[in-house]
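Each chain, letter by letter, is given below.
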Amino acid sequence: MVRPAVSKYLLLFCIVFALQGVLNVSAYSWKTIAPQTGSAQGLWTLTVSGSFDISTTYKGIFTQIGGTSYVASTLVSPSSASSLTITVPQLTFPAGYVTFTVNSSSGATISGPGGTAQMILFQAVWSLPTQQTGGCSKCACGKALGQATLTISGYGFDPSSSEYVCKFWCYNAACDPQTFVQSAIPALPTSTTSFSCVLPAWPYNAHDTAGHTKLVIEKGGVALAYAAAPYASADCGGVFDFVDGWRAALVTTGYATAGSTTLPITGFGFDPA
């Protein structure tokens, strides 16, 4: 049997030990983060200022506002007792505002400032991987008559939104820089990392380099930032080339004698000169 006095001291020791753990957790907190805006692609550096235990490790938790989805960074040691540097992970849900928290390796959440000081805005970004349609050989290209499918890669796309549009702006010295065409049907992403546009017809000169265009991706009328995908073996820098090509001959019968009849050819991208 444990004596009453020993039992009392044992209970007191347990209470003090538990309180010490609580006090140690509450002794550490973070105050600010910078920057508070970044790419949904991740891989950028987030600096957290506050007070940290240099003998433990921490990770950042990025939780979707209004949802339950989250991503977490890897555990890292503080660079000092007042600073923590985190490499932001790739976002796996649609871009937007997230709530940022810091957890220790034990799973305890470190006290933060609350409110907007704990919010980060992730922005969707896109890239244009190598792809050729219609037999062309440039980095990303297709026939000027359109109709082919162009795949767009990226991060932070919203699969519930059909507001994505591909615009192709003329990008050579011989054309009016205000000249552009856009996909007729807005695109609906199949995931947070991919969607497809149906190429519009390019009704201007596309012979040689004349069909050189700069691709712009918009969501709801707002242009998304371009970010070359680190995993791509070749990235086209957002440049797409339309190439000229014929579609049909309007006359299918006639005399075989040379010059006896005219054969009209229709298509897109012909050089009028």
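Our subject is the structure that appears above.
Residues numbered from 1 in each chain as written. Predicted model: local features only at pLDDT ≥ 70, side-chain atom pairs only at ≥ 80, totals over all residues. Heavy atoms only, no water.

Things to note about the overall build of the chain
- Regarding its fold elements, the chain presents 1 helix and 22 strands.
- The burial tally for the chain puts 36% of its 273 residues in the buried class.
- Considering only contacts in the chain between residues 6 or more positions apart, those separated by 24 or more positions represent 67%.
- Accessible area for the chain stands at about 14800 Å²; split by element, carbon and sulfur atoms hold 59% of it. (Helix = DSSP H or I, 4+ residues; strand = E, 2+ residues; numbered from the N terminus. Buried < 20%, exposed > 50% of the residue type's maximum accessible area, 1.4 Å probe, protein only. Contact = heavy atoms within 4.5 Å. Areas by Shrake-Rupley, 256 points an atom, 1.4 Å probe, with all protein chains shown as cover.)

Focus: the sheet that holds strand β10 (residues 125–127)
- Here we have 4 strands laid out as an open sheet, ordered β16-β13-β10-β19, and mixed in their pairing. The open sheet has two free edges, formed respectively by β16 (194–198) and β19 (225–226), since each of these has just one partner strand.
- As defined by bridge partners, β10 adjoins strand β13 (residues 149–155) across 3 bridges and the pair is classed as antiparallel. Bridging from a neighbouring strand, valine 125 pairs with tyrosine 155 of β13. (Pairing = 2+ DSSP bridges.)

A word on the state of the cysteines
- Scanning the model with the defined rule gives 3 disulfides in all.
- The disulfide bridge from cysteine 136 ends at cysteine 141, spanning 2.1 Å between sulfur atoms. Taking the torsion about the sulfur-sulfur bond, which here is approximately 100°, the covalent link between cysteine 136 and cysteine 141 counts as right-handed. Each member of the pair, cysteine 136 as well as cysteine 141, is classed as buried.
- Covalent S-S linkage joins cysteine 139 and cysteine 236, the inter-sulfur distance amounting to 2.0 Å. In this structure the cystine formed by cysteine 139 and cysteine 236 twists about its S-S bond by roughly -85°; its chirality is therefore left-handed. Residue cysteine 139 is found in the loop between β11 (131–132) and β12 (140–143), and its partner cysteine 236 is found in the loop between β19 and β20 (239–243); the two are separated by 97 residues along the sequence. (Disulfide = S-S within 2.5 Å.)

A look at the pairing of strand β17 (residues 212–219)
- Sheet topology note: the strand β14 (residues 164–170)/β17 ladder contains 7 bridges and is antiparallel. When the bridges of β17 are listed, phenylalanine 168 appears paired with leucine 215.
- Sheet topology note: the β17/β20 ladder contains 3 bridges and is antiparallel. When the bridges of β20 are listed, threonine 213 appears paired with phenylalanine 240.
- Pairing analysis gives 2 bridges linking β17 to strand β18 (residues 222–223), with the strands arranged antiparallel. Paired with glutamate 218 across the two strands is alanine 223, which belongs to β18.
- Hairpin geometry of β17 and β18 is characterised by an intervening segment of 2 residues between the two adjacent antiparallel strands and by a positive phi of about 65° at glycine 220.

A closer look at the packing of aromatic side chains
- Per the stated rule, a full pass over the model turns up 15 aromatic pairs.
- Ring centres of tryptophan 202 and tyrosine 204 lie 5.0 Å apart, and the angle between their planes is 75°; this geometry places the pair in the edge-to-face category.
- By relative accessible area, which is 36% here, tyrosine 204 ends up partly exposed. (Phe/Tyr/Trp six-rings, centres within 6.5 Å; stacked < 30°, edge-to-face > 60°.)

Comments concerning the nonpolar core
- Ile152, Phe168, Phe195 and Leu215 are the most contacted members of the largest nonpolar core, which totals 25 residues.
- At the level of elements, β13, β14, β16, β17 and β20 are the ones that each hand at least two residues to this core.
- With 4 residues, β14 is the single largest residue contributor to this core.
- Look past the residues within four positions of isoleucine 152 in its chain and what remains in contact with it is Trp126, Ser127, Leu128, Phe157, Cys166, Thr193, Ser194, Phe195, Leu215 and Ile217.
- Val48, Val88, Phe93 and Tyr155 belong to the second largest nonpolar core, which has 24 residues in total. (Core = buried A, V, L, I, M, F, W, Y, C linked by side-chain atoms within 4.5 Å.)

Here we look at the sheet that holds strand β6 (residues 83–87)
- The strand order β1-β3-β6 describes an open sheet built from 3 strands, whose pairing is antiparallel. In this open sheet, the two edge strands, each paired with only one partner strand, are β1 (29–34) and β6. Neighbour-to-neighbour, the strand axes of the sheet open up by a mean angle of 25°, direction not taken into account.
- Bridge count between β1 and strand β3 (residues 45–51): 5 bridges; the pairing is antiparallel. Following the sheet pairing, tryptophan 30 is matched in β3 by glycine 50. (Axes fitted to C-alpha atoms, helices over the stretch in contact; angles between N-to-C directions.)

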